[in-house]
Every structure is written in structure tokens, then in C-alpha cells.
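Here are the chains, one letter per residue:
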Amino acid sequence: MDLNFTPEEVAFRDEVRHFFRTEIPADIRAKHLGGEHATREEMVQTQRTMNANGYAVPHWPREWGGKDWTSVQLYLYQDEMQLAGVPHPLPFNVSMVGPVIAQFGNEAQKKRFLPRAANIDDWWCQGFSEPGAGSDLASLRTTARREGDTYVVNGQKTWTTLAQHADWLFCLVRTDMAAKKQEGISFILIDMKTKGITVRPIRTIDGGAEVNEVFLDEVVVPAENLVGQENKGWDYAKFLLGNERTGIARVGVSKARLARIRELASLERMGDIPLIEDRAFREKLAGVEIELKALEMTQLRVVAAERGQASGKPNPASSILKLKGSVLQQATNELLMEVVGPYAMPYVPEDDREGSNEPPIGPDYAAEAAPEYFNWRKISIYGGSNEIQRNIVAKAILGF
Amino acid sequence: MDLNFTPEEVAFRDEVRHFFRTEIPADIRAKHLGGEHATREEMVQTQRTMNANGYAVPHWPREWGGKDWTSVQLYLYQDEMQLAGVPHPLPFNVSMVGPVIAQFGNEAQKKRFLPRAANIDDWWCQGFSEPGAGSDLASLRTTARREGDTYVVNGQKTWTTLAQHADWLFCLVRTDMAAKKQEGISFILIDMKTKGITVRPIRTIDGGAEVNEVFLDEVVVPAENLVGQENKGWDYAKFLLGNERTGIARVGVSKARLARIRELASLERMGDIPLIEDRAFREKLAGVEIELKALEMTQLRVVAAERGQASGKPNPASSILKLKGSVLQQATNELLMEVVGPYAMPYVPEDDREGSNEPPIGPDYAAEAAPEYFNWRKISIYGGSNEIQRNIVAKAILGF
Amino acid sequence: MDFDLNEDQRLLRDSVERLVTDRYGFEQRKAFLSQPDGFSREMWKQYAELGLLGVPFAEEHGGFGGGPVETMIVMEAFGRGLVVEPYLATVILGGGLIRYAGSEAQQAEMLPKIVGGEMLVAFAHVERHSRYELHNVATKAERDGDGWVLSGDKGVVLHGDSADCLLVTARVSGGQRDRDGIGLFLVRADTPGVTRRGYPTQDGLRAAEISFDRARAETVGEPGAVLPHIERVVDEAIAAICAESIGVMTEMQTTTVDYMKTRKQFGRAIGEFQALQHRAVDMYVDLEQARSMALYATVMASSDDAVARRLAASAAKVQIGRSGRKIGQETIQLHGGIAMTAEYKIGHYFKRMTMIDILFGDADRHLAEVAAHGSVFA
Amino acid sequence: MDFDLNEDQRLLRDSVERLVTDRYGFEQRKAFLSQPDGFSREMWKQYAELGLLGVPFAEEHGGFGGGPVETMIVMEAFGRGLVVEPYLATVILGGGLIRYAGSEAQQAEMLPKIVGGEMLVAFAHVERHSRYELHNVATKAERDGDGWVLSGDKGVVLHGDSADCLLVTARVSGGQRDRDGIGLFLVRADTPGVTRRGYPTQDGLRAAEISFDRARAETVGEPGAVLPHIERVVDEAIAAICAESIGVMTEMQTTTVDYMKTRKQFGRAIGEFQALQHRAVDMYVDLEQARSMALYATVMASSDDAVARRLAASAAKVQIGRSGRKIGQETIQLHGGIAMTAEYKIGHYFKRMTMIDILFGDADRHLAEVAAHGSVFA
């Protein structure tokens, strides 16, 4: 038993650390660490820099830009990315549609889509959720009826993150109306420029509009855009969801945030002393740090256990990482709100701050504290709510 | 709206307070406040003193010693009793079998049993729970078959508190084997001296033996000991359980304990200072006190709302009092353990301390801290577990 | 002991609840928010006409002669409607400060205007590093001829942008955190040397950063000795926002339960899932505990025993903060995605509840207060 | 990075697990508890024969040459069996103190005896008001001719009643809480002036109150400078009881899940109730978090960086204390009444877990340590 990384792993870590901290602009990373959303341009720039250096899609098959890294290397890569504040390559491209096409797509699809997805030449968005479906994904109602060489798609998707930037949509649709829930679903790729698609932003409680409703009205999609077999889409969706294993805990993100909270708390005052010297605050912070340390170790155990195992098979341990990881990310929101105190109250929309020369209201780190607290409540809801994760653990691990 | 008691209520409170603090011996009360169990003799002595002064069964019908007090008076009586550390009159007598007999018994039963129950001339115990039944009380299997003027009872009861002292057992038995669960159950009274009754103590994890198994083997009970109608026992049991409304929160007990914890924490040291001056300890204590203050107010709201209402109807608000009250009582256990620190570890059976002239191990208040923590875990289990209480609130208040 | 409302109080409750029900739907509120001041001047006039702006004031000033219970009634209803008008700033804080600390002349001049809806007031006390300490004041007041001038910066002044008059804490002597030497000053908002920068708060209300550069001011109460009055008013304000939060939490709790009964997942209403039912029960228990403490703080708000009053206010703030956080987070979680959308009402309750926790100090801060100063059972 | 055991470690694990399975059933354990020492001398001999008593010691002293990982393996298995023999007192604490602080002569004399099961040792450090501070020492050590004599009272000395030798902290200079001036002394238990009063602890183990009245003692390490060694040994002991607690918690968690699958209420297994399932999941998550921190403390226990080691030990103690309390309470609650009976095993696990939280400082105390001294991520 040895918790130290091997010399090779340390060298690898230093290499990715150096890359992230020198090649990705400091201002993009600082902004991201500060809780602001990266712009489309910043995300594209970052991902292309990473892709040019082989860092955008390391977990893909080697043929399409993958690196055959071990689970430890993948962990270090992700952790260093998060610690450095580097915006993650667009998950819809690199963690979702890419692996599905690489695994289940035909050669033409691979050639057509994978290089562009890796380089974010196409911006993808996800069409899984539907109004009223929630965690019960399989109850979806969007249909695709076959007409000659095309499918004609009708329905509505929701929670489609960053659809406003998207060139392509990967989409679950019902192709067999008679089949039972999970059966009769297909996985197709839709060009967002196709006639009949309307994107309507959903304003969220933090003031942002990163998610959208996508309306599909008689949208004609070439049949060649079907991935894999008709009516097998549910399997591909499960593969896609099971693909994300450990990064889901976002330990690196929480670590970076706690370091920042520590720093900001030294700038704030609690009576006669800096807030960071207040015992109650320190103990609260330490309590979260200890839980996070434990989760980091839990994650490393999962990573170590996965060495050499094939990916794509859902690991129920990832449910634990998701459960606890979401709670801890949300705990950092509360700590940050406490740090900024009354200055968590002013609402300054991110758009207004962008390029404004007005001074900030209160300290310049205050504006994101409350919106992020509001926004990050989603972490325990999306990607399978924590209730669903508990159901999974109850069944798959505890055997209920 | 006025949270002050009326002058009459204040006078009443002062009267019961004076009674409890002058008529009940200080050593009995001090011992009880310290977490030790009252002996049989102390309980009898206390209850008889109370009965002689009309304080043992104030909630009974006036004819049988009751006082027609308002819900506020009953509350004050109970609160003052708990604050003064007075052992409660034996609940099996005064809160359980007494009200049932008074409500559903025949005149002969009332005359025979009620005065003796009030004066604890008979010590009653409860035969409801059975092995394997748990919260699912209606699944009981003890049978009573009719033979001439008698019932012959066979079966086993468990969790029978203080059965070792008992003269009489009130008991749920199945008289109609064909009937469905709740139906076919009767409520009968059994003389503990009857042949065929075996009492076996259950040693609990705190080292105590206050609960017992009671085995009933061909126990012949005169048919006149049936209360009310045959096969209607479930109704009487429900009446009995619904009878306890607000006292269940035991706010007075928790208040007295918190005051004691405050006092003891001033005797213990945390480094250079008394423990009570340690900020983290104070904040923990304050946190529990605030929750208890809230519960006290909640209880008063229930008490006020019940003014003038008939008793015996279960009030779902009592589920809230039970839920929160149990959690807070258990929180005081944890605080007290923290106060005594390492001296929570020695185990000195209560029997060994009784009359011993050996000095205590560590401070004399330490011995009960851990056993009580262990023992009081039962509070969220018995009398309808907290899970059952949640089910009740979900159904009766939230309408699920 | 009596938790019932009297006849007048019931009438008050009925009228303000009806007003909120009739006039404060989700869409109406949105329209109010988009008005220039960030609230509805018309509603303000309505409140005046209904006598709501006079609730805590003496009849001689045109008021209703009510106490904390009447305030509670109004605030709880306002909480259910997420009312955005500056009632807390003008009536509770501004009016309260004038009522307790103002001269007879100031009372006679200002209170009728407040009651009539003709004057908005704001209380400027927060500074960049004061956090939640009322006595942590760097803003300076200096004598200037027969009057005073103020210099310094105040932040997060609730409804400070639309206020006609500002009540400002400033130091006349002593160090930044001395309890002695604090004065309260009245400054007309259009006084030269006053600069305001208004903005919305996270919950859709308004606040302002305000700078004073030798702005002329008049004293309210005796400079250096006014802190006890300020603390009293803040205790009353805490009781008021606790009551408001009961309205907010009640709405979250009942909406969640209703939602659970209708929302279907996996073929049945999510309210049929026992795990979720039990969590809804815990929310309900939290709500009842909070309601109890709001009542307690309300009743204690009229106590002249400053220590007992303060302990009650702080204890209530702890309970409300904790219950509110728990209920708010569970409301969002049990609703799922829809609660995250600005078009659905529940997120706005969540945000208001979050801001109420921050106002005048969060739960942990007040826990420290209670722990440092005594026991709620003392 | 590697969480796997090596070949030797797997063998060790298999043999100690087999021993516990075969020899440490509930009834057997009860029989051990009723023996005069409160534990089984015969089992102790078995441990010696299997080499378990030599796990952390060098081969030159007859040991196994193992480190914290080997200790963890033994302790986790002992936790699953609720082993009551004085392994912690004699091997981890007593042996550890001699190993780090003892002279070569002391090591050569004592360690082989410990390894051979011929000597029991206890560590006497707690005093009436020391709580969990190792440097809070009032017991006095004075020179007496060529030796030393001790005077003072020690409490809650684990297995102090059966120990052949006592290792005692005593002050040679300075005030009661000075970090300097503490010595460690070896006292034979039968030395005149030593009075022992043994008793069971809540979890069925043994401890003693021990008074020293000018009892002759020899030094272990340099008086006044031995505290760092003591702290190191306690850090290792914390890692060891964290590992033990993983065994304890695992047994509670799996027993609870098994019980839920078989126990019927209202016509179905209680494990079918979703509300209870979710709570079992939370228990499991708590267990895994605790397991992670026990591993962390184990690996860090061999660090020579005293600050990092201490932070890791404290952080693990916090997690174990919190997880243990939660899992223990939920185990009792989900079992219901049966868990309250001494005849059912689970209550004994609950009690041991409760005592482990107290040993060397509870979760809140260690949280204060971590908060005061740094960050686990530093």
C-alpha cells in the first residue's frame, strides 16, 4: 500500500500541471476559479490549445486522439485541470457524444464528427431531458418517424445546456411508438441549423441563461445520422452516462475553491480579527476540508481499483462520488457566502460586469457568491439526482 | 396573543412547584436529575405523596381523583414535575391502564382497580409488544381462548418495563383467530401472581434490566377481567396511545438536563479554562437550547390549541413533539458525555453504586453519562418509532 | 397564555392576506419589479390607504397603534407574497428609529408622512468591514457650525436608492468598534455630498451603496448614546423578518407538498415515495420550529429587558436561518430542475429566504451571540 | 499509488481474520469477558504464537518488522470481532513507547517479552482535569538517589489493572500545561507506592485508576524531552483505533443491511421501505468516507513530518468520530428494540464505537486541532 504516486506518475502530473498553467491564459483560469462562466470564445480557445497538445480527448480511442492513459493518469489530468482553474473541454463533445460515436458510430460518422468534436469545430449539445420527464429519462416523448432516407423529428427537449452556441444536437428520440419505455428509443445527431428547430433560453434563478428549451417541429434528419442501430439508443445513453466515473466528484474544483475561500477569508474582517482567524469559521472550514480529503481518498481508491478495467461500464461507486461530491461542492457555496457576508446581497448580472469599468459593489470577489450558491443546487439534481444515486447504491451495492 | 400565563395560571404553577420541591424528598429528586433510576420504593413513596395531595392522576375523571384541569394546568404540572426532578407517577398506572379502565371499564372494574392504581397499591405493567412485532403492533400472536368463565392465555410479551415489580399486567390478546389483524384483539387484565406467568429480565446495553420478557403459558384469567367488549381491544389501545399528547416531548426533562450540563461544564476544565467557557462547547449547547426553546413554544401552541378539547383523540401534532423531543433528549446525552470526557469510559453498574462507600471513579456525575446515552437511544424507538411518527405526519398532516 | 389573535388583529390579517392574494400574483410581482424604483408606488399607496404603513405608530401620528404582533401579521402575509415594497426599510427600520430615537419634532414631521406613504426612509449602517456589528462604524460625524456633517461610505443600504431620507450611523467619538460614541443622523437624500448607487439585490429587492462627503445632517437622538435605540429597532426588525420568513417558508413547504402530490415519475406521484415523504415531514417540523421562534421573538420584541429581547431575537434568527436553509434547499431538491427556473415561483422564495438569513447577521453569527451572552432559558 | 496489500500482508490478514472468525464468536467473547482479567490469557498466547504481538517490532526483538499497514490489518480484524485483549495498551502504546523512547537496554529487555506474550504494559497519561491533552500533567517525578519517584494520580489507564509494567507521564519541571518538562517513566506494577483500582469500561474492556505515592520509577527517554515520542505513539494509536473502528463500523453496516432484508414489519421486509434504504445508503457512504480516512491516517502514521502526521491523525479521528456516531445511532434505530438488548451483538459494537470516539479525544476536539493548526490540504 502506497499513497505516493510513482515517479512516472509524478512526472506526468508535473507535465500536465506545467501545461495547464503555462499554455492556458491566466486570466481565463482566474475568472473560472472566481466562479464566473467562461465565454464561448474562451472555451473554444482553451479546448483548441488542449487539442493541439493532445490534451482534449485523452480517454478516447488512440485512433481518434486518445492517449491510453491509466486511470491514475486520467485522474491526475482532471485534478490538475480543476486545480488550475482550466475550463473543462466541452463535456458534450468530449465526454458524451464523442465516446458514443467512437464506440457505436460507423466509420463515416467517426471520420466526420470525431476530429471536429475534439477540436470543438462543432459545438455539441445534449437532447436527453424533456419537460415532465425529470429523472425518469425513459419516459421521453420526442418522436422520429421514418420517411424514406430521413427521420422527421417532433418534440421538445429541455435543460439543454449552452444550446445557444451549438452546431449539433445529439438526441434521444422514440422511433418505435409501440415498444415499452426503454425500448424503441434511438440516438440521432441533428444539425442545429435544420429548419424547425427553435432554441429558447431558460432564465435560471441565479440570473443566468445557460440552459435552454429546444423545440423540434417536423425537423428532417438524414437517416445516416442515426448512431448504431435503431431502437438501441437507450443502451448508448446508458453507456454515455456510465462513462463519467470519478471526475463527477469534482474534488479538484472543491479543493481549489476551499483554497480560495481560505484566502478571501483572510481579507474579510470579523470584529477585530480577520475572518480566517475566527475559531468557528475555521472549524467549519476544517470540517468541510476533512470530508473533502476523505472523498479524495475515496476517489483515489476507485481510480486505483479501475486500473486496467474497461471503461463504459457504470461503477456504482461513482454514485457515492456523485452524492458526496455534490454535497461538498454545495458546502463550499455556503462557506463563500459566509465569507462575503452582507456583500452577498447585491445582484450584479455577469453580463453587466463583463467589460464594465464601474467599480465592483463591495469586494470584487463577492458578486458570484450568491448566484453560484443558487446555481449549484443543480449539482445534486442533474445527471441523476442524489435520490436516484441513492436508489442505485441501494440496489447495486447494498443488494436491496 | 400573550405568552404570559394568567395570574391564576402563575398561582397554580407556584403551587405545584412548591409542592414538588417541598413534599418530594430532595435526595430522590437529585438522584433522578442525575440520571439514576428511582427505586421501586422511591417511586411508590413519591406517587403516594402525590396521590395524597391530589397530584397523582389529575387528568382522570373527577370521580376517580381527577382535577378537571385545563391543558395549560396539565402542562404546568408536568413541566414543574420534570424541572424539579420528580419521578413521574408510574405511567402504566396513571397514563395507560387507568384512563382505559375509566373510559371503557365497567363499574366493578373501576371501583376495584382505579383507586389502587392511583395510589400504586397495584403496580401495573404493559403487555403490548411481542417478539417480532416491533412497530407493527397489530401483528400480535398471544391468544386468549374462552373456556367457561375464563380466558386461557398463551403467548409471549416483550419490552415489558418494570414487570419485575408488577402486580398486574394489562395485555392485548387475540380472541378471534379468524379475524383480520386489528380485529379480534381484546384488552384484558392479568394478575401477575397467576400460575403460568414467567418474567425474564432483558439485560440492555446500558447494563440495566428495566425491561422484561413475559411468558404466558396456559394462564387462566377470569372473564370478568376483560375490559370493554371482546375483540374491541385495538380501539382501547389506540385510545391509550393517543392519550399521551404533549408530555411526550419531555421538554421539562431536557431543560433540567441542560441546566445541569451547564453547571457540570463549569466544574470541568478545557485546558486553561472551565469547559463552559470554551466557545465551541458553548455554541453547541446554545444550539440545543434554541431548538429546545422552539420545541417548548411548539408544545405551548399545542397545549393552547387543545384548551377545551376532549382528550383521547390522537393529535398528529404530538408526533412532531415526539420526533423533535426525542432528538433533543438524545442531544443532551451527547453533551453530557462530552462534559465528562474520558470519565465517560468507566462502567460502574448502578447496583454497585447503591449503598457503596467506595469513592466514585472520576467525578461523581460521570457514571451515568454513557449508560444514559446508550439507554436513551430507545426514546426514538419506543412508543411508535420516529419512522412511524413520520408516517403519521405524512398522512395525517401533509395528506400523502 | 394565548396564541390567538384578537378581533382587530384578525381583521388586519384578513385584509392584508386578501390584498396579497388579489394583487401579488407571480406575474404582478414581476411587473412591479420592472418598475423604475424596483417596486410598485401604486401598491405603496394602497398600503397607505389600508393603514398598513401606520401599523406600528401611535394614533397621534396617524398610526394604528399596533405592536410587534400586528407587524408580524403584515410581514408574514408579505412573506407569502414576496412583497418587494420597502416596508422593512421605511416602516420598521426608518419609522422605528424615528419613533424610538427621534425628537418630538422629528416624529411629528416624519411619522405622518411615512404613514401616509409620502416619505420613504432607509437605514444606512453596513460598512465594508463591519459585517453584522451595529457598533462597528468608521463613518465620521463632525460638528459644522450649528449642525453636523457626515463623511464615509455605507453599503447595502436597503432601498437606499429610492429613499427620501437616510438614517445614518456615524461616529462622533471613539474607535471603530467602541460601543460608545455612535450617533444616528438624518440626511435628506438630495443633500449635496450624498452619492448613491442603487442596484437590485439577489432576491429582487433594492439596495444602494451611499457615500457621504461632508453631507449636512441632523441628529436623531443624542449622539453617542443612541446605540440602545438602534439595537432595539434592529431586534424588532429581526422579529419582523422572522415573521416574513414564516410566510416564505410556509409557501415553500406547502408548494412542495402540493407538487409532490401531482408530479409523476416512474409512473407514480413522487409523493408516494416514502423517502421523499419523510423528508417533507422533516421540512414541516423545521417550519413549525421556526414558526414557534418567530412567535417568541415577536412577543419578546416589546420587552424592555434589552438582554432578554436580544437573546430572543438572536435565538429566533438562528432557528429561522437553519430552518430556512434546510427548507429552501429541500424545496429545490424535491422539485428538481423546475425549481431552478426563474419562471417558476419557488426559486424566488428560496432566494428571499437566503437573503433573510444574511440580513442583520446569519444563523451562525447569532448562535455566537447567544452562546456568548447567556442562555435562552436564563 | 497503490491500495493493494502485498503478499505478506494478505497472509497476515487471512490469518488474523480466520482467528477472529473461528475464535471470537459472540458467546466466546462473553466467556472471555468473564475471566478474571476481563480478557482471555489463552487468546493472548495464541496471538503471540501467531506473531501478532510482534507485528510492529523489529526482527532483532523477535518482531515481524511491520509498519502501520500491518497494524491496520490486525486492528480492523480485531474491530470486526470486538477483540477485548490488551493489544492497543500493550503492543501499540506500551510497545510503541519503548520502541521510540526506550533505551537499547529497555528495548532488549521488554520488547521480546511483549512479543512473546509474557509482559503486559499500560500507558498512564490521563488525569482528572487533563481531558485529552497529553501535555497536561500534574503528576510529579522527583529525583531520589540514583533513581526517580513518582507521585500523583492517573485515571482511565487502559488495561492498567492487569499490566505488569506501567508507562507513566510525569512532570519533572514547569507548569501543569507546559509542553516542556514532561518525562516518561517505567514503573513495575508491584512497586510499593502503586495503588490500582481496576474496573470495566463501557465497552467491556478494562481500565484502572492508579495512584503513585513516591513510587520508584526509571526513565524512558530523556525526561523533559520525551513528549514528541509520546505524541508520535499516540498518532500511531489513533491510526490503529481508526482501523479498528472500520472493522466495527463495517460489522454494524453489514449487519444492519442483512437485518433489513430479513426483518418483516407490516407484511414486508423493512429493507423494502425506501426511506430506510436511503438511510442505509447514507450509512454506507459514511463508512466509505471513514475507511478512506483510516487508510490516510495509516499511511501518514509513518511520516516523520510531525505536523502532517498529527493533522492526518486528527482529521481521521474527526471523520471516524462523525461517521461512527452516525452509523452507530442509525444501526440502533434501524434495528429497533432488539439492538438495545445486551444479548444481541450490535449494541456492543455501538458501545465500542462510542468509546473509540472518546479515546485520545473526540471528533470535536480533533476538529479544533485541525482548525487551529492548519489545513489537511496544506
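Some words on the overall build of chain C
Item 1. Each helix and strand counted, chain C has 11 helices and 9 strands in total.
Item 2. The globule rule puts the C-alpha radius of gyration for 378 residues at 21 Å, and the 21 Å found for chain C is close to it.
Item 3. Structurally, chain C occupies a C-alpha span of about 80 × 45 × 40 Å along its principal axes.
Item 4. For chain C, with 378 residues in total, the buried portion stands at 66%.
Item 5. Taking all contacts inside chain C whose residues are at least 6 apart in sequence as the whole, residues at least 24 apart take part in 73%.
Item 6. Carbon and sulfur atoms provide 48% of the accessible area of chain C, an area that totals close to 12700 Å².

Concerning the overall build of chain A
Item 1. The helix and strand inventory of chain A stands at 13 helices and 10 strands.
Item 2. Here the C-alpha atoms of chain A give a radius of gyration of 22 Å, agreeing with the 21 Å that 2.2 N^0.38 yields for 400 residues.
Item 3. Counting only C-alpha atoms, chain A reaches 75 × 50 × 45 Å along its principal axes.
Item 4. Burial statistics for chain A: of 400 residues in total, 61% are counted as buried.

Focus on the relation of the copies chain B and chain A
Item 1. When chain B is fitted to chain A, the residual RMSD is 0.0 Å, and the transformation amounts to a turn of 180° plus an axial shift of 0.0 Å. In symmetry terms, the pair is related by a two-fold rotation axis. Minimal C-alpha separation from the rotation axis in chain B is found for Ala-280 of chain B, amounting to 3.6 Å.

Description of the domain arrangement of chain C
Residues and elements named next belong to chain C.
Item 1. You can read the domains of chain C as domain 1 (7-119), domain 2 (122-224) and domain 3 (228-377).
Item 2. Look at where the C-alpha atoms of domain 1 and domain 2 centre, and you get two points 23 Å apart.
Item 3. Across the boundary between the two partners, domain 1 contributes 22 residues, which contact 18 residues of domain 2.
Item 4. Seen at the junction of domain 1 and domain 2, the total is 1 salt bridge.
Item 5. One salt bridge in this structure joins Glu-109 and Arg-188, with 3.8 Å as the shortest N-O distance.
Item 6. Joining domain 1 to domain 2, the criterion identifies 5 residue pairs in polar contact (both at pLDDT 80 or more).
Item 7. For the side of domain 1 that touches domain 2, the secondary structure elements donating two or more residues are α2 (26-33), α5 (87-101) and α6 (104-116).
Item 8. By residue number, the principal contributor to the side of domain 1 that touches domain 2 is α5, which donates 7 residues.
Item 9. Residues that form the side of domain 1 that touches domain 2 fall into these classes: 12 nonpolar, 4 polar and 6 charged.

Some details on the domain arrangement of chain A
Item 1. Taken domain by domain, chain A holds domain 1 (7-89), domain 2 (124-231) and domain 3 (245-397).
Item 2. Taking the mean C-alpha position of each, domain 1 of chain A and domain 2 of chain A sit 30 Å from one another.

A word on the nonpolar core
For soluble globular proteins, nonpolar side chains are generally found buried alongside one another.
Item 1. If you look at the biggest cluster of nonpolar residues, it comprises 245 residues, and the most contacted ones within it are Phe-187 of chain A together with Tyr-87 of chain D.
Item 2. Examining the composition of this core, we find that 18 residues originate from one element, helix α7 (residues 227-262) of chain D, more than from any other.
Item 3. Apart from residues lying up to four places away in sequence, Tyr-87 of chain D is in contact with Trp-44, Leu-52, Leu-53, Val-55, Pro-56, Val-74, Met-75, Phe-78 and Ile-92 of chain D.
Item 4. The next biggest cluster of nonpolar side chains, apart from the first, holds 243 residues, and it includes Ala-84 and Cys-125 of chain B together with Met-249 and Met-340 of chain C.

So, the pairing of strand β1 (residues 121-124) of chain C
Residues and elements named next belong to chain C.
Item 1. With burial as the criterion, each face of β1 is covered, one bearing Val-121 and Phe-123 and the other bearing Ala-122 and Ala-124.
Item 2. Sheet topology note: the β1/strand β4 (residues 165-171) ladder contains 4 bridges and is parallel. When the sheet's bridge partners are listed, Ala-124 is paired in β4 with Val-168.

A closer look at the state of the cysteines
Item 1. Going through the model one piece at a time under the given rule, you end up with 0 disulfides over all chains.
Item 2. Its sulfur unpaired, Cys-125 of chain B is 8.6 Å from the next cysteine sulfur, which belongs to Cys-171 of chain B.

Here we look at the interface of chain B and chain A
Item 1. On the chain A side, the residues contacting the 4 residues of chain B number 4 residues.
Item 2. Here chain B meets chain A over a buried area of about 290 Å², counting both sides, of which 36% is carbon and sulfur.
Item 3. The interface formed by chain B and chain A holds 2 salt bridges in total.
Item 4. Between Asp-278 of chain B and Arg-279 of chain A there is a salt bridge, with the nearest N and O atoms lying 2.9 Å from each other.
Item 5. Put simply, chain B and chain A have 2 residue pairs in polar contact (both at pLDDT 80 or more) between them.
Item 6. For the side of chain B that touches chain A, the class distribution of residues is 1 nonpolar, no polar and 3 charged.

Structural notes on the packing of helix α1 (residues 7-23) of chain A against helix α4 (residues 71-83) of chain A
Any two packed helices are characterised by the angle at which their axes cross and by the distance between the axes.
All names here are of chain A.
Item 1. Viewed as axis vectors pointing N to C, α1 and α4 meet at an angle of 30°, and their least axial separation amounts to 9 Å. Read as a crossing pair, α1 and α4 show a hand that is right-handed. Seen from α1, the contacting residues are Glu-9, Phe-12, Arg-13, Val-16, Arg-17, Phe-20 and Arg-21; seen from α4, they are Val-72, Gln-73, Leu-76, Tyr-77, Glu-80, Met-81 and Leu-83.
Item 2. Considered class by class, the residues forming the contact of α1 with α4 number 8 nonpolar, 1 polar and 5 charged.

The rules behind the values
- Residues numbered from 1 in each chain as written.
- Chains lettered and ligands numbered in written order.
- Predicted model: local features only at pLDDT ≥ 70, side-chain atom pairs only at ≥ 80, totals over all residues.
- Heavy atoms only, no water.
- Helix = DSSP H or I, 4+ residues; strand = E, 2+ residues; numbered from the N terminus.
- Rg over C-alpha atoms; globule rule 2.2 N^0.38 Å.
- Buried < 20%, exposed > 50% of the residue type's maximum accessible area, 1.4 Å probe, protein only.
- Contact = heavy atoms within 4.5 Å.
- Areas by Shrake-Rupley, 256 points an atom, 1.4 Å probe, with all protein chains shown as cover.
- Least-squares fit on C-alpha atoms with pLDDT ≥ 70 in both.
- Domains from an automatic or database assignment.
- Salt bridge = Lys/Arg side-chain N within 4 Å of Asp/Glu carboxyl O.
- Polar contact = N/O pair within 3.5 Å; in protein donor to acceptor, adjacent residues only side chain to side chain.
- Nonpolar A, V, L, I, M, F, W, Y, C, P; charged D, E, K, R; others polar.
- Core = buried A, V, L, I, M, F, W, Y, C linked by side-chain atoms within 4.5 Å.
- Pairing = 2+ DSSP bridges.
- Disulfide = S-S within 2.5 Å.
- Buried area = accessible area lost by both parts, 1.4 Å probe.
- Axes fitted to C-alpha atoms, helices over the stretch in contact; angles between N-to-C directions.
- Left-handed = near helix turned anticlockwise from the far one by under 90°.

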